[in-house]
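# Notes for the structure review
Given next are the chains, with one letter for each unit.
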Amino acid sequence: MNKMHTNRIERADLLRVENPARYVGGERGAVVKSEVLSQIQEAGRTDYVRFAYCFPDIYEIGMSNLALVILYHLLNEIPYVYCERAFSPWKDMDAIMRDRNIPLSSLETRTPLSEFDVVGFSLQYEMCYTNVLQMLDLSGIPFFSSDRKEDDPIVIAGGPVVYNAEPVADFFDMIVIGEAEDVLAEMMELIRDYKRSRNTVTPMSRRELLLLSAAVPGVYVPSLYDVTYREDGTVEAVRPTDPAAPERIGKRIVDNLDTAYFPTDPIVPHTRIVHDRSYLELFRGCGHGCRFCQAGFLYRPVRERSAETLIDQALALEKNTGYDELGMLSLSTGDYSGLKKLAEALVEPLGERHTSLSLPSLRVDSFSIGLMEKVSDTRKTGLTFAPEAGTQRLRDVINKGISEEDILSALELAFEGGWTRVKLYFMLGLPTETMEDVMGIAEMARKIERLYFDVTARTGQRKRKLEIIVSTSMFIPKPFTPFQWEKQDTREMLIEKQKALAERMRSRNIKYSWHDPDTSVWETVMSRGDRRLAPVLADGYRSGLFFDAWDDCFRLGQWLEVLAAHGLNLPFYSHRERGDDEVFPWDHIDPGVNKSYLLLERKRAYEGSVTPPCRPGCRACGASDFYTGVCHAAG
Amino acid sequence: MLQAERERQMTMQKKNEEFPIRMGFERKGSIIYIGHLDLMRTFERTLRRAELPVAYSLGYNPRPTLIFALPLGVGIAASEDVADIFFSEKLDPSEVTARFNAKAPPGLRAVFAREIPESGKSVMSLVTAASYRITAPDLKSALDELMLRDEILVTKKAKGKATITDIRPLVLSVTESDESENSVDLLVYAGSSRNLRPDLLLSACVETGKIDERAALNAEVLRTGLYTGQYPDLRRLS
């Protein structure tokens, strides 16, 4: 394919940047198939697929992502697929690459991205969109799908944010909706066939490939849909333009986590990454239905991995990686039914090897305190809770099934055991919130402070430095949640709440930290946006805006100017309550949970009615159509 | 109560017997671009993967006991650097190298291992000199010119402060390498009392005007050995 540049990153470049290890690869477990590949290429064969797995943020963040680890190894298990990695170069290296005309290349074989068959982006958060453009730009690949020619790579995306990928839909040839394990393998076969046909007398066209792909369940081909808008700027309809494209694109999931692929000898970075440990994935989905939580609705139904499988995976991971820390991943680890069995089986073998195990804070009881003493690193990191709202009234509205008593009783045990660090996560700007709810956050922190002194007085323990860390983020009305019709607080309202709260929590034992409201406001635009935002993103990027996920790089003012230049505005996307019958830009994507159920949950929120979790009784959200996991078990 | 019990246990813990092994190692390829702390972590993980019984330090946050003779700068390869590793049991040194190499990442390899007495001096305090092989076009003539000078002044930056120092006394010898005409073998002071980083000498070479900055930064730098004793009676650290 295109061989536009030949310059490479040299030692002189690496010694001028922040962390050169980001750009060199060569880690243990990295899959390098260059020899096989050159043999195949010499033989003139085309029946292989080169896949560039792109993470649009720096190496240390991308390598911390479990999806990358799983899919990288899964793709490389397919004999004809050669998957390599690429990350966003940080601004220092970005400048060097532009200056020296160095194309963005894979870590494994230093192949420019433009020479790959597939360039696949993992989209984990909306603020990474401009980094997708950076990576395409540094590769000389056109941004818009419609500008790409037959010989350009096929640019695809997947990840949690693609349930509303509309702001970036025009950049991608195909988008994978849902869990990618099975569907990626199906796509690779199609792409191999396409590639093979290119050398025959009846070559398949790019458009033919897209039409065939659109028929694969879980594959969304944005170019096969047409969006029309009403005069008020809202979406009128999203319609397929070809019969091959389905009206609605359903998500794909993995049925059985015990048989699903999971690498137990994964790549281990040389340099310290953000989450520098190995991970177990206990389950997917979450049955709680917290009404603000997008993942809670998108990842249904709940599917657990058995404790037996996890024990095997844990022991293998521990030995193969050499990491001295094992984390547990899932939306609410404390709910895992086999937690006790798992922890008990791991405590001996991990303890012997000085490997720590992170346990969920909410499940603190006499059982887990003993375990934590032995294997957990929580003494350093502290206990973490996410009550999300400061009063029981508001916690009922958002359906957060955690009470003050849950937290206080867990903490009483923890304080008795000598823990002194507590982290609490809250959201500001939730629907129906009043100043009383905001101040409730301060009251809870104060109660925890008093509890500590009561416990130390009662037990006669030496008093240590108590550290209560309160952190607030801004509520974002995410698509596919019961709050998708809600509006977001303005920056000004939020700052006022933050100030009032900080005022009320002045204590040497309490630390208050808050998210930058600017980024939250823009995240709302990007998570709720429509296709009119693609040119906004492209223009913003061209004017120098990228690494938006990094507070010190993000410029809300500049973004609002670009938005205005395109005749769009912030209040339309962020501060406008939607009507019950509004067509959302994401309505043609189907995650399995019905819109009518979400609307019902919204009504229940305003009544302050709590909806219990999936177990024991089904709430008929729609996810049972997948016939698996908790829905199936409940029968 | 748990906390009190834990504290009692901690103070009662005695340091167990340890069995140190001195390991020589090489690093080359992409792993030369990691810093000292990352290299330490890589060693720890390799030892854990190899299931070698490393002795852990005491306290809340037990760490494997591992002492490197001299930190390796980012971008510098090594053919025989040295680290002391403390084990909790007596091991056959050849088994240590074999098991280490079976689990080491690409580019990192143990080249020797031998038992050393537990009461010996810290390996860091033994280092007095280091040899480097530096390869870059025009480097030889730049160094020839530098070595004719009585002093070589360079600006060192540390903690935001710039100081000017004379590095001429730190250079023990410069010889043409038999490897290639662009390679130079250097012997310099190294260790905790007097130490010359090769990049400082390279930046002084740039000042001569005989080699440009980019070529100097692109120079291949290989640490070929660490030495103990007083110059000129140096012995290779092994």
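Residues numbered from 1 in each chain as written. Chains lettered and ligands numbered in written order. Predicted model: local features only at pLDDT ≥ 70, side-chain atom pairs only at ≥ 80, totals over all residues. Heavy atoms only, no water.

## Thoughts on the overall build of chain B
A tally of helices and strands in chain B yields seven helices and 11 strands. Taken along its principal axes, the extent of the C-alpha atoms in chain B is 70 × 40 × 35 Å. Taking as baseline every contact in chain B between residues at least 6 positions apart, the subset at least 24 positions apart corresponds to 74%. Carbon together with sulfur atoms contributes 51% to the accessible area of chain B, which is approximately 11,900 Å² in total. (Helix = DSSP H or I, 4+ residues; strand = E, 2+ residues; numbered from the N terminus. Contact = heavy atoms within 4.5 Å. Areas by Shrake-Rupley, 256 points an atom, 1.4 Å probe, with all protein chains shown as cover.)

## Structural notes on the environment of B:His36
Residues and elements named next belong to chain B. Inspection of the secondary structure puts His36 in helix α2 (residues 36-49). Given a relative accessible area of 25%, His36 falls into the partly exposed group. In this structure the C-alpha to C-alpha distance between His36 and Leu70, which are 34 residues apart in sequence, comes to 9.4 Å. Leave out the neighbours within four places in its chain, and His36 touches Phe68, Pro71 and Leu72. (Buried < 20%, exposed > 50% of the residue type's maximum accessible area, 1.4 Å probe, protein only.)

## Topic: the packing of aromatic side chains
This structure, assessed with the given rule, holds 26 aromatic pairs over all chains. Ring geometry for B:Phe43 and B:Phe68: centres 4.9 Å apart, planes at 85 degrees, overall edge-to-face. Taken as a pair, B:Phe43 in helix α2 and B:Phe68 in strand β2 (residues 66-68) lie far apart in primary sequence, 25 residues in all. For B:Phe43, a relative accessible area of 0% translates into the label buried. The exposure class of B:Phe68 is buried, given its relative accessible area of 6%. Positioned above the aromatic ring of A:Phe572 is the side chain of A:Arg576, whose terminal nitrogen or guanidinium carbon lies 4.4 Å from the ring centre. (Phe/Tyr/Trp six-rings, centres within 6.5 Å; stacked < 30°, edge-to-face > 60°. Lys NZ or Arg CZ within 6 Å of the ring centre and 35° of its normal.)

## Here's the deal with the nonpolar core
Judged by nonpolar contacts, the single largest core of 163 residues is most densely connected at A:Phe51, A:Phe121, A:Leu123, A:Phe172, A:Met188, A:Ile448 and A:Val470. Of all the elements, helix α17 (residues 435-459) of chain A adds the most residues to this core, at nine residues. Excluding residues that lie within four positions of it along the chain, A:Phe51 makes contacts with A:Leu75, A:Val81, A:Tyr82, A:Cys83, A:Glu84, A:Phe116, A:Val118, A:Gly120, A:Ile156, A:Leu184 and A:Met188. In this structure, B:Ile21, B:Ile85, B:Val123 and B:Val184 belong to the second largest nonpolar core, which totals 70 residues. (Core = buried A, V, L, I, M, F, W, Y, C linked by side-chain atoms within 4.5 Å.)

## A look at the domain arrangement of chain B
Many structure descriptions define interface size as the accessible area lost when the parts assemble. All names here are of chain B. According to the domain assignment, chain B consists of domain 1 (17-120) and domain 2 (125-236). Taken over C-alpha atoms, the centre of domain 1 sits 26 Å from the centre of domain 2. The partner domain 2 presents 14 residues to the 13 residues of domain 1 that form the contact. Both sides of the domain 1 and domain 2 interface together cover about 960 Å² of buried area, and 56% of this is carbon and sulfur. Per-element tally for the side of domain 1 that touches domain 2: the top contributor is strand β3 (residues 76-87), with seven residues. (Domains from an automatic or database assignment. Buried area = accessible area lost by both parts, 1.4 Å probe.)

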